[in-house]
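Each chain is listed here by its residues.
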Amino acid sequence: MIEEVFQQIFGSPPEVVVRAPGRVNLIGEHTDYNDGFVLPAAIDREITYAGRRRADRRVRVYSDDFKASVDFDLDDIQKDSEHAWSNFLRGVSKFLQADGHRLTGADIAFGGDVPREAGLSSSAAVEVGATAFWNKLLSLGLDPVYVVKLSRRAENEFVGVPCGIMDQFISALGRRDHALFLDCRDLTYRHVPLRADVKIVVCNSGVKRALAQSEYEVRLKQCREAVAKIAAATGRAVKSLRDVQLSDLEAAEGTMDNLLWRRAHHVVSENQRVLEAVKVLESGHLERFGELMNQSHESLRDDYEVSSKELDQLVELARRQPGVFGARMTGAGFGGCTVNLVRADAAESFAQAVALGYEKALGLKAEIYVCRASDGALVSA
Ligand code: GLA
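Residues numbered from 1 in each chain as written. Predicted model: local features only at pLDDT ≥ 70, side-chain atom pairs only at ≥ 80, totals over all residues. Heavy atoms only, no water.

S.K.: Could you give an account of the state of the cysteines, naming the residues involved and the relevant values?
M.R.: This structure, assessed with the given rule, holds zero disulfides. Of the cysteine sulfurs around Cys 184, a residue in no disulfide, the closest is that of Cys 163, at 11 Å. With a relative accessible area of 8%, Cys 184 lands in the buried category. Unpaired in terms of disulfides, Cys 337 finds its nearest cysteine sulfur in Cys 203, a separation of 8.0 Å. Cys 337 gets classed as buried once you look at its relative accessible area, which sits at 0%. (Disulfide = S-S within 2.5 Å. Buried < 20%, exposed > 50% of the residue type's maximum accessible area, 1.4 Å probe, protein only.)

S.K.: How would you explain helix 11 (residues 347–362) if you had to name every residue and give the values?
M.R.: In a regular helix each residue adds 1.5 Å, so 16 residues correspond to 22 Å; helix 11 covers 22 Å between its end C-alpha atoms and thus fits that length. Along its buried surface, helix 11 packs onto strand 8 (198–204), helix 10 (309–319), strand 9 (324–330), strand 10 (337–343) and strand 11 (367–371). One or two positions beyond helix 11, positive phi appears at Gly 363, with a value near 70 degrees. (Helix = DSSP H or I, 4+ residues; strand = E, 2+ residues; numbered from the N terminus. Expected span 1.5 Å × (residues − 1). Contact = heavy atoms within 4.5 Å.)

S.K.: Describe in detail unusual backbone geometry, supporting the description with residues and values.
M.R.: Despite not being glycine, Glu 117 shows a phi value in the positive range, around 55 degrees. Along the polypeptide, Glu 117 turns up in the loop between strand 5 (106–112) and helix 3 (122–137). Take Glu 117: its relative accessible area is 45%, and that puts it in the partly exposed class. Positive phi, close to 55 degrees, is recorded for Glu 305, a residue that is not glycine. Residue position: Glu 305 is located in the loop between helix 9 (286–302) and helix 10.

S.K.: Please provide a residue-by-residue account of the environment of Ser 374, values included.
M.R.: Mapped onto the fold, Ser 374 is located in the loop between strand 11 and helix 12 (377–380). With relative accessibility at 11%, the residue Ser 374 sits in the buried group. With 173 residues separating them along the chain, Ser 374 and Val 201 place their C-alpha atoms 14 Å apart. A polar contact is formed between the side chain of Ser 374 and the backbone nitrogen of Asp 44, at a distance of 3.2 Å. For Ser 374, the side chain forms a polar contact with the main-chain oxygen of Arg 372, separated by 3.0 Å. (Polar contact = N/O pair within 3.5 Å; in protein donor to acceptor, adjacent residues only side chain to side chain.)

S.K.: Run through the packing of helix 3 against helix 4 (residues 144–159), naming residues and quoting values.
M.R.: Where helix 3 meets helix 4, the closest approach of the two axes is 9 Å, and the angle between their N-to-C directions is 125 degrees. When the axis of helix 3 is compared with that of helix 4, the two are oblique. Between helix 3 and helix 4 the crossing geometry is right-handed. Residues Ser 123, Ala 124, Glu 127, Val 128 and Thr 131 of helix 3 form the contact with helix 4, whose own contacting residues are Val 147, Leu 150, Ser 151 and Glu 155. Broken down by class, the residue content of the contact of helix 3 with helix 4 amounts to four nonpolar, three polar and two charged. (Axes fitted to C-alpha atoms, helices over the stretch in contact; angles between N-to-C directions. Parallel < 35°, antiparallel > 145°, perpendicular 65-115°, else oblique. Left-handed = near helix turned anticlockwise from the far one by under 90°. Nonpolar A, V, L, I, M, F, W, Y, C, P; charged D, E, K, R; others polar.)

Geometric values such as these leave the question of function open.
So, in C-alpha cells, the structure goes:
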C-alpha cells in the first residue's frame, strides 16, 4: 500500500491518496491524433500517489517502482534524465503553475502495477495521477477535461512524446464496467456498458515497444501528408483524416503512393469500425463487435504496419480458443499487448491456452491479465 510506503519514507501518514488507472483500447487505434473515434476502457491496474504539503517550495518524490528518490524546486523545474520517472510529475507541476495555479511544496510517494512500456498507458496513469494529486491536495477545483489536456501537455511538451489524447482521457474519465466512446475532435464522450458475462483479457507479448516512438512520428507525418493529397484531389477542405470517407480515398487513389494510401485507409476504415462497434456493443451484439476487432487488427497489421510477429501470434492463438469474440493488438504497436473479448466462463482456460501456445510457438512467456473495466482517476476521487 502506498500509504505505508509514504509513512516509511517520510515518517508520518499522507494527507491525500489518489489513484489513476492504465487502459486498454477495445477499438479505434491510431485514430485519436487524426481527430477520430476511440473506444478504450480503464483497467484495474493503477498508479497511486500519496502525499502531504510542505511549508517550502520543494517537492520530494519517492518512486516505489524504482526504489529511488529525487527532489526539485517548484520555482526552477527542469527535465531530469537521470530520474526520468520524475519527469511526468515535473511537467505537470510546471504547466499547472504556468497556467496560474499556485502550488506548494510536497512530499510524495507513488507507484503501481501498470506494466511499463507494454502499451497499457502507464505514462498516462502517472501524468493523470500527478494532476489529480495536486488537484486534491490543494483543492484546485480543476475541470476534468482541463486535467486531461494538461496531463497530455506534460507528455507532449515536457517529456517530448507526441501522443494523442486517448490515454489521458480514459485514465481520468473511465467508468467501472464501461468502455468510453470518445470523439477526439470535440471531446464529447459517453460511457458504454460492458456485458457482465464477458471479460477483457489482455495478453502481454513481453516485447517492449521498440521503435514505437520513431515509427509513431512517421505515422503522424504520413497522415498529414495523406490529408494534403486528399484535399488537393477532392477539392474539399479536409482538415484531418476524420473528414475523409472511403469514397474520397478511392477518388484520391491515383494521386498518392500505395503506402500513403494504405495508411489513410487504415484510419478512415478504423473510424467507421468504431462507430459500428459502439452501436453493436450498445445492442449487446458481441459477435459483430468481435469481427470488428479482428478487422481492426488486420488493418493495423497490413495497412498501418504497426503490429509485430509476437502480436500476430497472440492474436492467431486467441482466435482458436473457445469463447473468444475478437482479438487484436492494442495501443501504439511494435510490441506491447493484445486485447481479447472472451466469455467470462472461458477466460481462465483462454489465458492458460494462449500462454502455453505462445511459449511453444515462440519460446516466449506472455503475461495474461483478466481485467475489469474501472473508474478513472477523477471518477473515483
Ligand atoms: C499511444 C498514444 C495514443 C494513441 C495510441 C494509438 O497509446 O499515446 O494517443 O495514439 O498510441 O491508438
